[in-house]
Amino acid sequence: MLRSNLSRFMKNYYSLHSLIGWCLFIIALIVYTLTLEPTVSFWDSGEFIASSYKLQIPHPPGAPLFLLIARMFSLLALGNLESIGFWVNMVSAVSSAATVTFLYWIIVMLGRKTIYSKNEALLSTAGIIGSLSFAFSDSFWFSASETEVYALSTFFISIVVWAILKMDNETDLKIESKWILLIAYLMGLSIGVHPMSLLAIPTLVYTMYFKRKPFSIKGLAISSCIGLGLTLFMMYGFRLGLIGMIKKFELLFINGFGLPFYTGFVFFTIAFTLIIGYGIVYSVKRNNHSLNVALLSICFVVIGYSSYTTIVIRSVYNPPIDQNNPEDIPNLINYLDMLQYGTRPLVYGENFTSKIVDYKQGAPIYRKTKDKYEVADHVLEYKYNPSDLGFFPRMYSQSAHHIEGYQQWTGLKKGQSPTFIDNMKFLMAYQVGHMYLRYFFWNFVGREGDFQDAGWLSFWEDASILPKSLTKNKALNNFLFLPLLLGILGFFYHYKNNFKSFTGVFALFIITGLGLVIYLNSPAPEPRERDYIFIGSFYAFSIWVGLGVLAIFSALSKTLSKRYVLPITAIVTLIVPTIMISEGWDDHDRSNRFLTSDIARNHLASCAKNAILFTGGDNDTYPLWYAQEVEGFRTDIRAIVLSYFNAEWYIEQMTRQAYQSKPLPFSLVNENFKRGGLNEYIPFVERNNLKNASIDLKQYLKLIKDSHPALQVGTKNGEKINSLPSKKLTLSIDTDMIKEKQIIPDTILPFLTNQLKISVKGNALHKNDLMVLDLISSNNWERPVYFTYTALHSLSFDISNMVVQEGFTYRLLPIQNPNPEQILVNSDAMYENLITNFQWRETTNPNVYFSDFHKNMMTHTRSNYNQLATTLIEEGELEKAKKTLYSSLETVPDDTIPYDVASINTARLLTQVGEKEKSLSITKTMVDRVDEELKYYTEHKKNDLPNMQRNFTLLNMLSQVIRESGYLDEASKAENKLKVYYDRINEI
């Protein structure tokens, strides 16, 4: 009986493939769960976890549906705050596992169209190989292990493509229409995660074209234009245009008719519903099926898109994370349009050498006042010399480090303008080669390592010549070209056997790959690797990896007995996902890695109670948000993102209570920091009567507050802005009050000054600089003020001689350091923080994977320990200095985070505290490694001059430290190596 039921089940291929699909879901979910990061990771993860946990507003354009789903997952933590990060990360794991399942079903459906038979075992094999190969590909696995939108976005691509194929299989027009409506709804929903799934629209158009029309070049061209046009319409015309229309009604009803806020939105919603409703009724009465489906599709897209209403609703309640404050329609459209990120020329525009000859006011930017919307500012539109404009500009950014990148990639000399050929060279070499094909090969060929700009790894490279620093890199993966070759076989097999379905997959592959390359127009260099952008393209190629199984089966069928073809095909192709998971496991296993969370907590732990902490970039900020918002750690501290301090909405947020942190004490008011006011940009305009003179900061701020005409200068467009009359600012200090408060430790008290002297670095202040200065002045040393390293060096004025290091942060104090190149250290506070207060989990576990980025972060940790040890030695505290250095070696051991440039100074300091043998042990280990790398680069990588020079410098530093420690023989050996490599590098 059981055998009979099983037989019937196996014959029902729908049940068979459903079962296999769900088995693959379980397999993938187990893999992703085992390798999942247990808490926050770097970049946007901390912001998304914090925002989803409390339904707050992340950076534009937001991801409301993602936040809602992640919020539900966070409830599975059952009140355990430290496990919330894990459960929100599980959103990516679950959605990635579901993507693998739908990919399996897609490959089976496409395979059935290709082989025109019901060889279900063969189709299952193809689906399993293709879906598992994608499951264990580098970029997708990476996204599956952390909180980001790309895993869920790829799921939407997968389910949309699956629904397109299900629609294609239907002959009943009514059922086909239902699939179209489902696709429309899914695309509307996906906008609330990431609009990537909209790039599947050309696949839908091709599928419908081939279903209804015979193939022709003209028909294919028309379908291509329609597909691209619909994609652009959905990306801009619908996604932004719908809110743009609401904005016009809102402005008309509020500013024109004097009605309450949101009246225009309500009117438009009612009118839109009635118009669409009437159209649907009309289409039914006229029996116009196409119009009916089109109008219903619009309804379903809008319903899916409506998740964005949660952004407005939550913003009205002013949560602590409320980026861009999109609580009204004008702000919402700026939020969706990502206005703050600017634009990039695509078809025609400027190059990096183009000269700005004029600028004009563009579209108005509105702000919500008490009873209406007023124009706060205008988008600034630059006019360039027409002779400097060109077709298809790829090198447009005028940022200094981008210009340097352009020149490195194209060979342009300083001051030389790029031609069209130069732009094409940059497109092919950097944007296509480095920023797409390199990532493509990472996923289907192999990867050199996890260091920035790591190349792809070919199987013909001799691994025996690689230095151990590379062979021990867990991200050194070699797939022996097998996934690529199998995908290429599938590509041609699909093209040859079913061109109609091939065009849909090819469209998805191209538009999510090379199409995004053209659209994004990436500058050089990018701050981090961007492979996650192209996951849709890698997904499409994985379909061909699965279909490659059919190609191999077809080839073997011509030479082998029918009985053995399928088993041999399965065994041979199973090698592909097997080698991918075996090579990729160690560098995708994030289990037991708590480093990001610990670094964030240690930054906060470095600050005194009720502190104000200025942060710099994403990795300075988002993990701190996670620690405060999710784990509730040190909510007395007000973390201020320095770059956000330019924004009116952000400054206003700082004037509100946030948990235990009181509002910030500003002397300036909204009129002084509002957008489009006098203080967006404050240029230095020297006055003759103030040459080389200093101006009092408090008096200057009072003039700013009063909008005094004495400070104002005219701009090219006839407007007024405030100016800076001197680059030297002074702030008087009540030294008696400071001594009474005892905020300066005794060791630093001699540096107390009665007047702070602040020097402006460049030729202007920005609004964030002005607000920092106002806070310093108004705070009157009531609340401790700290800076992260990044924030301290991002200011337009120099206060490096007024800060004292107390851990991972730098405290501003009324002191004058006579030697600002050497940061002062509060040794008692820093020793207490580093030795007692700081938390380090699993940093001594050699089985935990720390990427090259994590290792670089820990270089700063070692440097901080060295800084404390240096101060303790200067203070005569040799035992405490020794304990500090050994604590550094225990916290960041060599077998988990290999010795780096900071370890050279550690060795030098160990010599100074009498630990010469330990010092020699470190330096000898490093000399051997540097020697290996220099041998490799000078013999096999002669074009990599930067790495040669870096290692040569390290070897030189090591030889000096060894000589200082008194081991002259060892020093001579290192110096002899220096001479050898000096000659080799000069020859190269």
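Scoring rules and cut-offs
- Residues numbered from 1 in each chain as written.
- Predicted model: local features only at pLDDT ≥ 70, side-chain atom pairs only at ≥ 80, totals over all residues.
- Heavy atoms only, no water.
- Buried < 20%, exposed > 50% of the residue type's maximum accessible area, 1.4 Å probe, protein only.
- Helix = DSSP H or I, 4+ residues; strand = E, 2+ residues; numbered from the N terminus.
- Pairing = 2+ DSSP bridges.
- Right-handed = clockwise from strand over helix to strand, strands pointing away.
- Salt bridge = Lys/Arg side-chain N within 4 Å of Asp/Glu carboxyl O.
- 1 Å grid on protein atoms, 1.4 Å probe; cavity = no way out; pocket = protein on both sides within 12 Å on 5 of 7 lines; lining within 4 Å.
- Points joined across faces, edges and corners; volume = space filled by probe spheres on them.
- Nonpolar A, V, L, I, M, F, W, Y, C, P; charged D, E, K, R; others polar.
- Arc of directions from axis to C-beta.
- Contact = heavy atoms within 4.5 Å.
- Axes fitted to C-alpha atoms, helices over the stretch in contact; angles between N-to-C directions.
- Parallel < 35°, antiparallel > 145°, perpendicular 65-115°, else oblique.
- Left-handed = near helix turned anticlockwise from the far one by under 90°.
- Core = buried A, V, L, I, M, F, W, Y, C linked by side-chain atoms within 4.5 Å.
- Expected span 1.5 Å × (residues − 1).
- Polar contact = N/O pair within 3.5 Å; in protein donor to acceptor, adjacent residues only side chain to side chain.

Caption draft 1: Region of interest: the pairing of strand β7 (residues 612-615). Burial of β7 is two-sided: the residues I612 and F614 facing one way and the residues L613 and T615 facing the other way are all buried. Judged from the four bridges that link them, β7 and strand β8 (residues 638-641) form a sheet pairing that is parallel. Its bridge partner being in β8, L613 is matched across the sheet by A639. Traced from β7 through helix α26 (residues 618-629) to β8, the parallel crossover comes out right-handed. Where β7 lies against strand β16 (residues 785-787), three bridges are found, and the strand directions are parallel.

Caption draft 2: The arrangement of the pattern of salt bridges in detail. All told, the structure shown has 36 salt bridges when counted by the stated rule. Of the charged contacts, one joins R984 and E939 as a salt bridge, the two residues approaching to 3.5 Å between their closest N and O atoms. Highlighted residues: R984 in helix α39 (residues 968-987) and E939 in helix α37 (residues 916-940), separated in sequence by 45 residues. Among the residues examined, R984 registers a relative accessible area of 29% and is labelled partly exposed. Its salt-bridge partner being R963, residue E975 comes within 2.9 Å of it at the nearest N-O pair. Of this pair, E975 sits in helix α39 while R963 sits in helix α38 (residues 945-964), and the two are 12 residues apart along the sequence. Owing to a relative accessible area of 23%, E975 belongs among the partly exposed residues under this scheme. Exposure remark for R963: the relative accessible area of 36% places this residue in the partly exposed category.

Caption draft 3: Geometry of the sheet that holds strand β17 (residues 797-798). Strand order across the open sheet formed by four strands is β10-β13-β14-β17, with mixed pairing between neighbours. Edge positions in the sheet fall to β10 (695-696) and β17, since each of these pairs with one other strand and no more. Where strand β14 (residues 755-760) lies against β17, two bridges are found, and the strand directions are antiparallel. Counterpart to V760 in the pairing with β17 is F797.

Caption draft 4: Main features of empty space enclosed by the protein. Counted by the stated rule, this structure contains two cavities of 30 Å³ or more. Roughly 60 Å³ of volume is contained in the largest cavity. Surrounding the largest cavity, L55, Q56, I57, P64, L67, L68, T310, I311 and R314 form its lining. Looking at the lining of the largest cavity, the elements that each hand over two or more residues are α4 (64-74) and α15 (309-316). The class makeup of the residues in the lining of the largest cavity is six nonpolar, two polar and one charged. Taken as a whole, the second largest cavity encloses approximately 40 Å³ of empty space. Residue lining of the second largest cavity: F142, S143, E146, E148, Y150, R528 and Y532, and that is the complete set. Its residues assigned to classes, the lining of the second largest cavity comprises three nonpolar, one polar and three charged.

Caption draft 5: Looking closely at helix α33 (residues 827-837). Looking only at α33, the buried set comprises S827, M830, Y831, N833 and L834. Angularly, the buried residues of α33 cover 165° about the axis, an arc narrow enough to put them on a single face. The outward face of α33, more than 90 degrees from its buried face, is lined by the exposed residues D828 and T836. Next to the buried residues of α33 lie α25 (595-605), β18 (803-805), β20 (824-825), α34 (852-874) and α35 (878-891).

Caption draft 6: Here's a closer look at the environment of L34. Tracing the backbone through its elements, the reader meets L34 in helix α2 (residues 13-34). Taking relative accessible area as the criterion, L34 reaches 48% and is therefore assigned partly exposed. Between the C-alpha atom of L34 and that of L834, which follows or precedes it by 800 residues, the distance is 32 Å. Setting aside residues up to four positions removed in sequence, L34 forms contacts with W585, D589 and S591.

Caption draft 7: Structural detail: the sheet that holds β8. Pairing in this open sheet of six strands is mixed, and the strands run β8-β7-β16-β19-β18-β20 from one edge to the other. Pairing within the sheet leaves two strands with one partner each, and these edge strands are β8 and β20.

Caption draft 8: View of the layout of surface pockets. In this model, the second largest pocket occupies a volume close to 910 Å³. Lining the second largest pocket are 31 residues; nearest its centre among them are I180, L204, L230, A294 and S297. Counting only elements with at least two residues in the lining of the second largest pocket, the list comes to α9 (173-191), α10 (201-212), α11 (217-238), α12 (241-256) and α14 (289-305).

Caption draft 9: Looking closely at the pairing of β14. Residues of β14 alternate between two faces, with L756, I758 and V760 buried on one and Q755, K757 and S759 left unburied on the opposite face. Pairing of strand β13 (residues 728-732) with β14 involves five bridges; the strand directions are antiparallel. Across the sheet, the residue bridging to S732 is Q755, located in β14.

Caption draft 10: Region of interest: the packing of helix α18 (residues 420-444) against helix α23 (residues 535-557). At a minimum axis separation of 11 Å, α18 and α23 run at an interaxial angle of 45°. In terms of orientation, α18 lies oblique with respect to α23. Our pair here, α18 against α23, has a crossing hand that is right-handed. Counted together, Y436, Y439, F440, N443 and F444 of α18 and S537, F538, F541, S542 and V545 of α23 form the full contact between these two elements. Tallied by class, residues from the contact of α18 with α23 come to seven nonpolar, three polar and no charged.

Caption draft 11: Quick peek at the nonpolar core. Among the nonpolar cores identified, the biggest contains 216 residues, and Y32, F66, F614, F645 and F787 are the most heavily contacted of them. At 18 residues, the largest contribution of residues to this core is made by helix α5 (residues 84-115). When neighbours within four sequence positions are excluded, F66 is seen to be in contact with F48, V91, T147, E148, V149, L152, G192 and V193. In terms of nonpolar packing, the next biggest core, distinct from the first, is built from 52 residues, V892, I904, L909 and L954 among them.

Caption draft 12: Structural detail: α23. Taking 1.5 Å per residue as the helical rise, α23 with its 23 residues ought to reach 33 Å, and the 34 Å between its terminal C-alpha atoms agrees with that figure. Buried residues dominate α23, accounting for 19 of its 23 residues.

Caption draft 13: How the structure looks around the side chain of R447. For R447, the position within the fold is in strand β5 (residues 446-447). Looking at R447, the relative accessible area reads 11%, which means it is buried. Polar side-chain contacts of R447 include one of 3.0 Å to the side chain of D138. Only 2.8 Å separates the side chain of R447 from the backbone oxygen of G449, close enough to count as a polar contact.

Caption draft 14: Summary view of unusual backbone geometry. Residue P61 is reached from P60 by a cis peptide bond, and omega for that bond is 0°. As for its position among the elements, P61 is in the loop between α3 (45-53) and α4. For the bond running from A524 to P525, omega is -5°, close enough to zero to count as cis. Summarising the element assignment, P525 is placed in the loop between α22 (514-520) and α23. The backbone of L55 sits at a positive phi, close to 50°, despite the residue not being glycine. Inspection of the secondary structure assignment puts L55 in the loop between α3 and α4. In the Ramachandran plot, Q742 falls in the positive-phi region, its phi being about 55° despite a non-glycine side chain.

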